[in-house]
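A look at the structure
Here's the letter readout for the chains.
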Amino acid sequence: MEFKIVADSSSDILKLDGAEFESVPLKIITDEKEFTDNKDLDVDKMVEYLSHHKGKSSTSCPNTDEWLNSFDDAKYVFCITITSKLSGCYNAAYVAKQIYEDMHPDRKVFVIDSLSTGPEMQLIAEKLSEYIKEGTDYENICIKIKEYMNKTGLLFMLESMKNLANNGRVSHLAAKAAGLLGIRVIGRASTDGELEQLSKPRGELKSRIALVDYMRGEGFWGGKVIIAHCQNLTLAESIKNMLTDEFGNIDIKIHSCRGLCSFYAENGGIIIGFEKSDK
Ligand code: X90
């Protein structure tokens, strides 16, 4: 195998057109159950179970061996991880790269810290697959994908940040307002891969307008958009309609979050990856 793209399961991708692809699952763990975020996971059932679960819950990232196995015997691997600021995925993948390249001096692994998650990782994966299809060589793909990542962004809007706070990814104080009196939290993946809160609008319409305003503010001009939602297709579709009203018939895809993103975005949450003008 010449090229392979691998990504941890926070990307929500299970298969990728035009390229060898493998998703490396994270796990969602409660004191009673463990969910592996792979294709067999019944996400709706997990979300339903979690909504009644009173005990502790957390997540864990793939270990080095799991990353190593996903590389198969590919000559060139592109390995996309959730932001290293919030997870150990990147570090484990980086160690796997070093072992793989030591074992096979003629092979190369490019580990990409997405500084983001979900739909922005998917944009990166799709772009990598395009470069491979066009016949771009490994070294040039590494350069071009870095440039492309300057032109992608991620915004989110959440109705609850309980799981983020309980797992130390945001402070309890910052998480407190979300969910109270129809307040949602809008935020983004900052340029250095941190979860950054932007505002706390109240009410659905206001929130949607604010979200699209932020997209514009980030430099959205009508490029590709991917919307991931946790049990909230209605909101995803109204955002899509707002964007098509304004930008015309643009490329917008909607999907429901897989396990990891569902755990953290929680019921009603939405995560949007989009292409924007250069920073
Ligand atoms: O290693 C692990 O156990 C995974 C930890 C992941 C923690 C954060 C996941 C966030 C998922 C929530 C909204 C988007 C935030 C983007 C911030 C860069 C989705």
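The structure this text deals with has already been given above.
Residues numbered from 1 in each chain as written. Predicted model: local features only at pLDDT ≥ 70, side-chain atom pairs only at ≥ 80, totals over all residues. Heavy atoms only, no water.

Points about the pattern of salt bridges
In total, this model carries 15 salt bridges according to the counting rule given. Put simply, Lys-39 and Asp-40 hold a salt bridge, and the shortest N to O gap is 3.5 Å. The shortest N-O distance in the salt bridge between Arg-188 and Glu-218 comes to 2.9 Å. Residue Arg-188 is found in strand β9 (residues 185–189), and its partner Glu-218 is found in the loop between α8 (204–217) and β11 (220–229); the two are separated by 30 residues along the sequence. Take Glu-218: its relative accessible area is 18%, and that puts it in the buried class. Taken together, the shared-partner salt bridges in this structure form one network comprising Arg-188, Glu-196, Glu-218 and Lys-276. (Salt bridge = Lys/Arg side-chain N within 4 Å of Asp/Glu carboxyl O. Helix = DSSP H or I, 4+ residues; strand = E, 2+ residues; numbered from the N terminus. Buried < 20%, exposed > 50% of the residue type's maximum accessible area, 1.4 Å probe, protein only.)

Points about helix α9 (residues 233–247)
Spanning 15 residues, α9 covers 21 Å between terminal C-alpha atoms, matching the ideal 21 Å at 1.5 Å per step. What α9 keeps buried is the set Leu-235, Ala-236, Ser-238, Ile-239 and Leu-243. End-on, the buried residues of α9 take up no more than an arc of 165°, which puts them together on one face. More than 90 degrees from the buried face of α9, the exposed residues found are Thr-234 and Asp-245. (Expected span 1.5 Å × (residues − 1). Arc of directions from axis to C-beta.)

What to know about unusual backbone geometry
Glycine aside, the phi torsion of most residues is negative, and most peptide linkages are trans. At Asp-72, a residue that is not glycine, the phi angle is positive and equals roughly 55°. Take Asp-72: it is sitting in the loop between α2 (64–70) and β6 (76–81). Despite not being glycine, Gln-231 has its phi angle at roughly 55°, a positive value. One can find Gln-231 in the loop between β11 and α9. For Gln-231, a relative accessible area of 39% puts it in the partly exposed group.

Topic: the packing of aromatic side chains
Per the counting criterion, the structure on display carries 11 aromatic pairs. Taking 5.3 Å as the distance between ring centres and 75° as the angle between the ring planes, the aromatic pair formed by Phe-71 and Tyr-100 counts as edge-to-face. Separated by 29 residues along the polypeptide, Phe-71 in the loop between α2 and β6 and Tyr-100 in helix α3 (residues 89–103) bring together distant segments of the chain. A ring pair is formed by Phe-220 and Phe-247, whose centres lie 4.8 Å apart and whose planes are at 80°; its orientation type is edge-to-face. Separated by 27 residues along the polypeptide, Phe-220 in strand β11 and Phe-247 in helix α9 bring together distant segments of the chain. Of the residues examined, Phe-247 reaches a relative accessible area of 24% and is grouped as partly exposed. (Phe/Tyr/Trp six-rings, centres within 6.5 Å; stacked < 30°, edge-to-face > 60°.)

Some thoughts on the sheet that holds strand β3 (residues 27–30)
Pairing is antiparallel across the open sheet formed by three strands, whose spatial order is β4-β3-β5. Of all strands in the sheet, those with a lone pairing partner are β4 (34–36) and β5 (57–60), marking the two edges. Shown here is a sheet whose adjacent strand axes are inclined to one another by a mean of 20°, direction ignored. Sitting on the sheet, helix α1 (residues 43–52) touches β3 and β4, and the angle it makes with β3 is about 30°. (Pairing = 2+ DSSP bridges. Axes fitted to C-alpha atoms, helices over the stretch in contact; angles between N-to-C directions. Contact = heavy atoms within 4.5 Å.)

Remarks on the nonpolar core
Counting 71 residues, the largest nonpolar core has Trp-67, Phe-71 and Phe-78 as its most contacted members. Sorting elements by how many residues they give to this core places helix α4 (residues 118–134) first, with seven residues. If we skip the residues at most four places from it in the chain, Phe-71 touches Lys-4, Val-6, Val-77, Cys-79, Ala-93, Ala-96, Lys-97, Tyr-100 and Val-109. Ranked by size, the runner-up nonpolar core spans 19 residues in total, among them Leu-155, Met-215, Ile-239 and Ile-252. (Core = buried A, V, L, I, M, F, W, Y, C linked by side-chain atoms within 4.5 Å.)

Quick notes on the site of the ligand
If you check the shell around the ligand, you find 16 residues, and the closest are Thr-59, Cys-61, Leu-86, Ser-87 and Arg-169. Thr-59 is positioned such that a nitrogen or oxygen atom in its side chain is 2.5 Å from an oxygen atom of the ligand. Contact distances for the ligand include 2.7 Å between an oxygen atom and a side-chain N or O atom of Ser-87. Calculation on the ligand without its partners gives an accessible area of 560 Å², and the protein chains cover 98% of this total. (Near = heavy atom within 4 Å. Polar contact = N/O pair within 3.5 Å; in protein donor to acceptor, adjacent residues only side chain to side chain. Areas by Shrake-Rupley, 256 points an atom, 1.4 Å probe, with all protein chains shown as cover.)

Quick word on the environment of Trp-221
Within the secondary structure, Trp-221 is located in strand β11. The exposure class assigned to Trp-221 is partly exposed, which follows from its relative accessible area of 49%. In the structure, Trp-221 is positioned 25 residues away from Glu-246 in sequence and 10.0 Å away in space, judged by C-alpha atoms. The contact partners of Trp-221, leaving out residues within four places of it in the chain, are Phe-247, Glu-275, Lys-276 and Ser-277. Reaching out from Trp-221, the side chain makes a polar contact with the backbone oxygen of Lys-276 at a distance of 3.5 Å.

Let's talk about the environment of Phe-35
Within the secondary structure layout, Phe-35 lies in strand β4. Separated by 224 residues in sequence, Phe-35 and Gly-259 place their C-alpha atoms 7.9 Å apart. Those residues in contact with Phe-35, other than ones at most four positions away along the chain, are Leu-26, Lys-27, Ile-28, Leu-41, Met-46 and Tyr-49.

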